[in-house]
Amino acid sequence: MRNKPGSPALGLSVLLAGLALIAASVLWLVLNGATDIRYSADHAGTIPMWHRWIPALAGLVLIRLLPPRATPVDATPAGRGVRLQAVVLLGSAVVFAVALRLAGGGEPAHTLLKLGLLLAVPVLLFWWSRRDSAARDLFRERPAAWRHYGPIAPVALWLALTFAGPLAEPPSDYAASVDPVTLLVTVVVVFLVNSLLEEVFYRRWLQTRWERVLGRWPAIVLASLLWAAWHIGIQGTGSLPADLASAFANQGVQGLFLGYLWSRYRQMWPILVVHGAMNAAPILLGMF
């Protein structure tokens, strides 16, 4: 049974508008000669924006060619509780992106806003709606034998294209500048606060609920743009149009890969590996 959205017309509108926004962002960057984009908040280094696209698009194609792990057990249209949760989570994502940019993107604002808006608000929301069984964690999968390992291929392809060969992101020299304990603590904290919390919020919580409201691809695009938007707070240069265009052409496209990976397989480990590698691999590779 397929997951049928409750608002197909709205879903189509969101899908087309989101894809148009990504395309317009790319066009804006090309016309302004700004096709080299920042890939880290730790420095001002840049890479060509298509270095981000090729691994993501290759991963998307491979996911599509491989069978999904399972279909959702509950594919009924979203009820009132699910819609309420979807709207509140969307509001938290928007407020987080705006507040972080206004706060300058630094610490402790980054961590405090993330913990408050991406963790505390959802937890309170889920506690408040705990009696609504339809609005709880929406996808409880049946076991699916070998398909459980299906994500290995697209994840491995993405890792290879992103960190090896001509598209490889430059390694970081951070590991050489700190002691081993600091390095370990940094990697662990970054994984928990960034990779784990972001993937739980944007994909498991927000995207899953909007899939019930809008359908698979509108929800993937919506979650990708919201996830991309907050990065202007930590990677922005000060020009809002340029920062948004760069984020949508970079994290927006990567978000499509992460979102489709989550939607097709409904497993956390693949998206955590990908997101964790985005943050940690350049540091770890710089040790060699």
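Preceding block: the structure.
The residue numbering used here restarts from 1 in each chain and proceeds along that chain's sequence as written. Given that the model is predicted, a residue must reach a pLDDT of at least 70 before its local features are reported, and side-chain atom pairs must reach 80 or more before they are shown or counted; all residues, however, enter totals for whole chains, interfaces and linings. Values reported for side chains reflect all heavy atoms of the structure, with hydrogen atoms and water molecules removed beforehand.

Colleague: Sorry, what's going on with the overall build of the protein chain here?
Modeller: Counting from the N terminus, the helices are the DSSP runs of H or I reaching at least four residues and the strands are the DSSP runs of E reaching at least two. Looking only at helices and strands, one finds 11 helices and two strands in the protein chain. Ordering the α and β elements of the protein chain from the N terminus gives α-β-β-α-α-α-α-α-α-α-α-α-α. For every residue, the accessible area obtained with a 1.4 Å probe (protein chains only) is divided by the maximum for its type, and the residue is called buried under 20%, exposed over 50%, and partly exposed between those limits. Classification of the 288 residues of the protein chain by burial places 48% in the buried group. Of the roughly 13,400 Å² of accessible surface on the protein chain, 70% is carried by carbon and sulfur atoms. Here the accessible surface of atoms and residues is derived via Shrake-Rupley with a 1.4 Å probe, and residues count as covered only by protein chains that are part of the display.

Colleague: Which parts of the structure should I look at to understand the nonpolar core?
Modeller: Most often, soluble globular proteins have nonpolar side chains that are buried together. Phe201, Tyr202, Leu206, Trp210, Phe257, Leu261 and Val274 are the most contacted members of the largest nonpolar core, which has 64 residues in total. No other element matches helix H10 (residues 240-265), which puts 12 residues into this core. We call two residues in contact whenever any of their non-hydrogen atoms come within 4.5 Å of each other. Val274 has contacts with Val155, Trp158, Phe257, Leu258 and Leu261, leaving out every residue within four places of it along the chain. By convention a nonpolar core is built from buried Ala, Val, Leu, Ile, Met, Phe, Trp, Tyr and Cys residues, the set being connected through side-chain atoms within 4.5 Å.

Colleague: Just to check I follow, could you spell out helix H5 (residues 152-163) for this structure?
Modeller: What a helix should span is 1.5 Å times the count of its residues minus one. Across its 12 residues, H5 extends 16 Å between first and last C-alpha, which sits within 8% of the 16 Å expected from 1.5 Å per residue. Among all positions in H5, only Pro154, Val155, Trp158, Thr162 and Phe163 are buried. Summarising the axial view, the buried residues of H5 lie within an arc of 130°, below the 170-degree limit, and thus occupy one face. Of the surrounding secondary structure, the elements contacted by the buried residues of H5 are helix H2 (50-65), H10 and helix H11 (268-285). Phi turns positive, to about 85°, at Gly165, one or two residues after H5. Comment: arc refers to directions from the helix axis out to C-beta atoms.

Colleague: Help me out: how do you make sense of the pattern of salt bridges in this one?
Modeller: Between side chains of opposite charge, pairing is possible as soon as their charged atoms come close. Any Lys or Arg side-chain nitrogen found within 4 Å of a carboxyl oxygen on Asp or Glu counts as a salt bridge. Tallied over the full model, the rule gives four salt bridges. Its salt-bridge partner being Arg203, residue Glu199 comes within 2.8 Å of it at the nearest N-O pair. Placement of both Glu199 and Arg203 in helix H7 (residues 180-214) is noted, with a separation of four residues, approximately one turn of the helix. Judged by relative accessible area, Glu199 falls into the buried class, the value being 0%. Arg203 sits in the buried class, given a relative accessible area of 0%. Between Glu211 and Arg266 there is a salt bridge, with its nearest N and O atoms 2.8 Å apart. In this pair, Glu211 is assigned in helix H7 and Arg266 in the loop between H10 and H11, connecting sequence segments 55 residues apart.

Colleague: Whenever I open this one, unusual backbone geometry confuses me. Can you help?
Modeller: Across residues other than glycine, the phi torsion is negative in most instances, and most of the peptide bonds are trans. Of note, the amide linkage connecting Glu107 to Pro108 takes the cis form, showing an omega dihedral of 5°. Mapped onto the elements, Pro108 comes out in the loop between helix H3 (80-102) and helix H4 (109-128).

Colleague: Got a minute to help me understand the environment of His275 in this structure?
Modeller: Along the chain, His275 turns up in helix H11. With a relative accessible area of 2%, His275 lands in the buried category. For the pair His275 and Gly255, spaced 20 residues apart in sequence, the C-alpha separation works out to 9.8 Å. The contact partners of His275, leaving out residues within four places of it in the chain, are Asn194, Ser195, Glu198, Glu199, Trp227 and Leu258.

Colleague: Is there a simple way to think about the packing of aromatic side chains in this case?
Modeller: The relation between two aromatic rings is expressed through the spacing of the ring centres and the mutual angle of the planes. Put simply, two rings from Phe, Tyr or Trp (the six-membered ring, in Trp's case) pair if the centres are within 6.5 Å, and we call them stacked under 30 degrees between planes, edge-to-face over 60, tilted for the rest. Scanning all chains against the criterion turns up six aromatic pairs. Ring geometry for Phe201 versus Tyr202: centroids 4.9 Å apart, planes at 85°, classification edge-to-face. Here Phe201 and Tyr202 have matching classes, each one buried. Feature note: the residues Trp158, Phe163 and Phe257 constitute an aromatic cluster, connected by ring pairs. Lysine and arginine charges are scored as sitting over a ring when NZ or CZ, respectively, is within 6 Å of the ring centre and within 35 degrees of the ring normal. When the ring centre of Trp127 is taken as origin, the NZ or CZ atom of Arg130, which lies over that ring, is 4.5 Å away. A cation over an aromatic ring shows up here: Arg203 above the ring of Trp227, its NZ or CZ 4.9 Å from the ring centre.

Colleague: Explain the packing of H7 against helix H8 (residues 216-229) to me, please; I cannot follow it from the model alone.
Modeller: Two quantities define a packed helix pair, namely the angle between the helix axes and the distance between the axes. Between the N-to-C directions of two axes lies an angle of 0 to 180 degrees, each axis being a line fitted to C-alpha atoms and, for a helix, fitted only over the stretch in contact. Axis separation between H7 and H8 bottoms out at 8 Å; the angle between their running directions is 145°. Handedness of the H7/H8 crossing: right-handed. Across the interface between the two elements, Glu198, Tyr202, Arg203, Leu206, Gln207, Trp210, Glu211 and Leu214 of H7 pack against Arg216, Pro218, Ala219, Ile220, Leu222, Ala223, Ser224, Leu226 and Trp227 of H8. Should the near helix be turned counterclockwise from the far one by less than a right angle, the crossing is left-handed, whereas a clockwise turn marks it as right-handed.

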